[in-house]
Every structure is written in structure tokens, then in C-alpha cells.
Amino acid sequence: MSALNPHHGAEPESRLIAIARWLAQLYPAGGETGPLVIGQLEPDRLSEVLTGDVLHLYPDLLATAMQVASDRQLTRALTVADRIARDDQAIRDQLRAVLDQRLADFFQRGLNADGDELLAAVISAMTISRPAGGALMLAGRLPDILPVWMRPVAATATHLAVDGLRVRAGTDPSAADELAGWLSNLGNRLSEAGQREEALTAATEAVTIRRQLAEANPAAYLPNLAMSLNNLGNRLGEAGRREEALAAATEAVTLNRQLAEANPAAYLPDLAMSLNNLGNQLSGAGRRQEALAPATEAVTIRRQLAEANPAAYLPNLAMSLNNLGSQLSEAGRREEAQAPTTEAVTLYRQLANASPAAYLPDLASVLNNLGNRLSGAGRREEALTAATAAVT
């Protein structure tokens, strides 16, 4: 300090004033004024050490404090506990115990809070303390369709959930199917976050586990194996491994057809989904004429389902109609492609009127496709109208 502070060594009182003035210059206080006002150090390591000591003495204090904290207080408590936990296993365990119970609730508070400080603190604390139980609850509450910024967070939460289930499955064989299900979910979340190799690894493990389970008990586990095969086919397709993707998608269709023949009410929706995926995989592999049969069958099944339950199945019918239009166009049947694409536009417009946030992006995409179909057929004016609607 003597090298930095020229007043070091003066009379005691004047030395203290000089040091205070020097510290005030080094650490200016935000809105406060005055020659001896010292700003708060951030991070305050001494305060954090003392807080850690108190938490060691009173292990229930962190949970109690967070239970009654305001958003601002919770942000501060999570931030400080996070920093202490990085170097203190006991505090990390305390933080994990709190988040195992409250992570999903804290995350929702962060979404609802003004500013992003609380949400950032919750995400950071989750990453440091790795609360598998809390992550499982959070991942289970997240919607299927997420904004781009939330996708890596969802992948992290799902990864933590899988880690916890893997430990449980090591001692409890009945947890194996739940582990496989969350591995499939992890593959989907990682794919959405752009981590395709990791996504493929998770999807492959899910199929391996469920294949073993289905061999031992087909009645109980074949439906879940079919679902995981669907996901694996998508992940393989994203990785450019087209033939392997086709094999997985074809097996999923075979299993779901077998299940739907025995119980149509329960499994026709799954058969339609797997047929839709198979059509996409065949199209992606350049087998465009072969893609038309499963795509057409998917539309037929989903139209039947939507007639019985529009609220549940119209979105899926619209998606399959859009896919069929694209595959007809790719197969050179451009005039035929216009009808399913136009119908998809009509359905998505209806859905977007009821729920704009959920379906306007789909409407814009299918309008763009319709514009392309019409342009390819030489109907330029109609194509321009569709294209204009897509961007407005």
C-alpha cells in the first residue's frame, strides 16, 4: 500500500482521512457524492467469506432466506451463493438442495421479473450447483416450442435431468425407460440448440435402452421404442447420415403400423407422425417419388383425426399438407402441389388468427412455399400476392 498511497506514514488521523479519500477515488459511489464516500466493492470477497462462514454455522439459512426473498433479494442471494459455491463444496450442496426444490419456481420468477438479472442469476446458479431434481421439474415444464435464446438453457436443464436419472437407473432398473425418454428429449433440445453431434449421441442411447426393454416386454415398451426411433431418424438426417436415418424412420413406421392395427384410437396419431418423418427422410435422400406415398398417407390419417378433433390435430394436418405440397413439387408435379399448399395456408391462417404468436411464423413459411409453387407454375401475379402476404 505504501507504494500506491503517498500519504502512508503521516500522522494517524490525517493518514486515515487520506486513505479514505484515496479509496473514494479508487471506488467511487454510484449516485452519492462527497469526498469520503466509498462505493461498494463488487464482488465483495470479504463479505462473501463471512457469508460462507455463517452458512456453515446455519445450514438451513440459505433455504429460509430464499423462501421469503423479494426478486431483488433473491437475485443477490443467488449471486452471492453462486460465487461462494464455486470454491466451497458445502455451500454448493446447500444451493443444490434449494434449487432441487425451487428451480422451476425461481426460473418462472426470473421470466416474469423486470430486467434479466434474476433470470441470469438463476441460470448461473443452476449451472454451478447442478440440481438434477430441480432440473427435471424445470425441463418438464418448458413448452415444446421455445424462443432461440432459451434453447441452450433448456438443453442444460435436460442434460442435468438426464444425469440425475442415470444415477437413479444405476440402482433402480425401473427408471431405465424414464431415462430413455429424457435422453430422447435431450436429443431434441440439443438439436434445437445446434449441438447436433451431442444430440445424435443422446438419441442413439435412448434407442439402445428402449430396444432392450422392448425385447423383454414388447407390450409395454414398443410404443416408446417407436417414438425414440422417430427422434433418432431425425437426428441422423440432420447429421447427413441419410441411409441410417431411413432405416430408423422405416422401423418406426413398421412398429407404429403394428400398434395402430391393434389399437387405432391410441396409435394412429403416432403412425401419422412417423409416416410424415419417413416422407421427409426419403425426400432428403433424393428418393422423391417414394416420399409421396408416406406423405400422402400421413395427410389422409391426419385429416381423419382433425375431423374428429380439430383443436388437437389441425396443426399437424397443416404441417403434413405443407410437406406433401413440397414433396409433390420436388417430384415435378407442380400443378398438384398447389392444392395441398393452398389448403395448408388456409389452415395456418385460421390457426394464426386464434393464436398469432404460435402460428404466424408457420403461416409466413407456407405462404412463401405457395408463392414458389405458383411462380413455378407461371402464375406470377398470384405468386407475388402470396409472397407479399408472407412478409407483411
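Cut-off values and rules
Residues numbered from 1 in each chain as written. Predicted model: local features only at pLDDT ≥ 70, side-chain atom pairs only at ≥ 80, totals over all residues. Heavy atoms only, no water. Helix = DSSP H or I, 4+ residues; strand = E, 2+ residues; numbered from the N terminus. Buried < 20%, exposed > 50% of the residue type's maximum accessible area, 1.4 Å probe, protein only. Areas by Shrake-Rupley, 256 points an atom, 1.4 Å probe, with all protein chains shown as cover. Salt bridge = Lys/Arg side-chain N within 4 Å of Asp/Glu carboxyl O. Core = buried A, V, L, I, M, F, W, Y, C linked by side-chain atoms within 4.5 Å. Contact = heavy atoms within 4.5 Å. Expected span 1.5 Å × (residues − 1). pLDDT = per-residue confidence, 0-100. Lys, Arg positive; Asp, Glu negative; His and termini not counted. Polar contact = N/O pair within 3.5 Å; in protein donor to acceptor, adjacent residues only side chain to side chain. 1 Å grid on protein atoms, 1.4 Å probe; cavity = no way out; pocket = protein on both sides within 12 Å on 5 of 7 lines; lining within 4 Å. Points joined across faces, edges and corners; volume = space filled by probe spheres on them. Nonpolar A, V, L, I, M, F, W, Y, C, P; charged D, E, K, R; others polar. Patch = residues over 30% accessible without salt bridge, like charges linked within 9 Å, V, L, I, M, F, W, Y side chains within 5 Å.

## Observations concerning the overall build of the protein
Phase 1: Within the protein one finds 18 helices and 0 strands.
Phase 2: The burial tally for the protein puts 43% of its 392 residues in the buried class.
Phase 3: For the protein, the exposed surface amounts to about 20,300 Å²; the carbon and sulfur share of it is 54%.

## Brief notes about the pattern of salt bridges
Phase 1: A complete count under the given rule lists 18 salt bridges for this structure.
Phase 2: Here aspartate 71 makes a salt bridge to arginine 109, at a shortest N to O gap of 2.7 Å. Placement of aspartate 71 in helix α4 (residues 71-85) and of arginine 109 in helix α5 (residues 89-112) is noted, with a sequence separation of 38 residues between them.
Phase 3: Judged by relative accessible area, which is 31%, aspartate 71 ranks as partly exposed.
Phase 4: The salt bridge involving aspartate 105 is made with arginine 141; its shortest N-O contact spans 3.3 Å.

## Side note on the nonpolar core
Soluble globular proteins tend to bury their nonpolar side chains together.
Phase 1: Ranked by size, the top nonpolar core spans 34 residues in total, and within it Met66, Leu78, Leu95, Phe107 and Leu138 carry the most contacts.
Phase 2: Put simply, the parts of the chain that give this core at least two residues each are α3 (61-68), α4, α5, α6 (117-129), α7 (132-141) and α8 (151-171).
Phase 3: Setting aside its immediate chain neighbours within four residues, leucine 78 contacts Met66, Leu95, Leu99, Leu118, Ala121, Val122 and Ala125.
Phase 4: Listed in part, the 22 residues of the second largest apolar core include Leu292, Ala318, Leu324 and Leu347.

## Examining helix α9 (residues 176-192)
Three or four residues apart is the spacing at which side chains of an α-helix point the same way, because the helix has 3.6 residues per turn.
Phase 1: In this model, α9 (17 residues) spans 24 Å end to end at C-alpha, consistent with the 24 Å of a helix rising 1.5 Å per residue.
Phase 2: Most of α9 is tucked away, with 13 of its 17 residues classed as buried.

## Thoughts on the confidence of the model for the protein
Segments scoring low in pLDDT should not have their predicted coordinates read at a detailed level.
Phase 1: On average, residues of the protein carry a pLDDT of 89, and 85% of them reach 70 or more.
Phase 2: Taken as a whole, residues 1-8 scores under 50 in pLDDT and shows 9 contacts with residues more than four places along the chain or in a different chain.

## A closer look at α8
Phase 1: Over its 21 residues, α8 runs 31 Å from end to end, which matches the ideal 30 Å to within 8%, given 1.5 Å per residue.
Phase 2: The inward-facing, buried residues of α8 abut α5, α6, α7 and α9.

## Examining the side chain of aspartate 88
Phase 1: Within the element layout of this structure, aspartate 88 appears in the loop between α4 and α5.
Phase 2: Look at aspartate 88: it is buried, it has no salt bridge, and the nearest opposite charge is arginine 92 at 7.4 Å.
Phase 3: Polar side-chain contacts of aspartate 88 include one of 3.1 Å to the backbone nitrogen of alanine 90.

## Quick look at the layout of surface pockets
Phase 1: In this structure, the largest pocket spans a volume of roughly 1,900 Å³.
Phase 2: Around the largest pocket, the lining is made up of 48 residues, and of these Asp144, Ile145, Glu192, Asn316 and Met319 lie nearest the centre.
Phase 3: When contributions to the lining of the largest pocket are tallied by element, the ones reaching two or more residues are α8, α9, α11 (218-238), α13 (264-284), α14 (288-308), α15 (310-330) and α17 (356-376).
Phase 4: The dominant element in the lining of the largest pocket, judged by the number of residues it contributes, is α11, at 9 residues.
Phase 5: Residue composition of the lining of the largest pocket, grouped by class: 21 nonpolar, 18 polar and 9 charged.
Phase 6: Computed from the structure, the second largest pocket encloses a volume of approximately 190 Å³.

## Overview of the environment of leucine 328
Phase 1: By the secondary structure assignment, leucine 328 is in helix α15.
Phase 2: Overall, the relative accessible area of 8% leaves leucine 328 in the buried class.
Phase 3: In sequence terms leucine 328 and glutamine 338 are 10 residues apart; their C-alpha atoms lie 8.9 Å from each other.
Phase 4: Ignoring sequence-local partners within four residues, the contact set of leucine 328 consists of Leu292, Arg333, Arg334, Glu336, Ala337 and Pro340.

## A closer look at a nonpolar patch on the surface
Phase 1: On the surface, a cluster of nonpolar side chains totalling about 410 Å² of accessible area is made up of Val54, Leu57, Tyr58 and Leu61.
Phase 2: Relative to the helices and strands, valine 54 resides in helix α2 (residues 45-57).
Phase 3: Exposure remark for valine 54: the relative accessible area of 35% places this residue in the partly exposed category.

## Considering the environment of threonine 296
Phase 1: Structurally, the position occupied by threonine 296 is in helix α14.
Phase 2: Separated by 31 residues in the primary sequence, threonine 296 and glutamine 327 place their C-alpha atoms 9.8 Å from one another.

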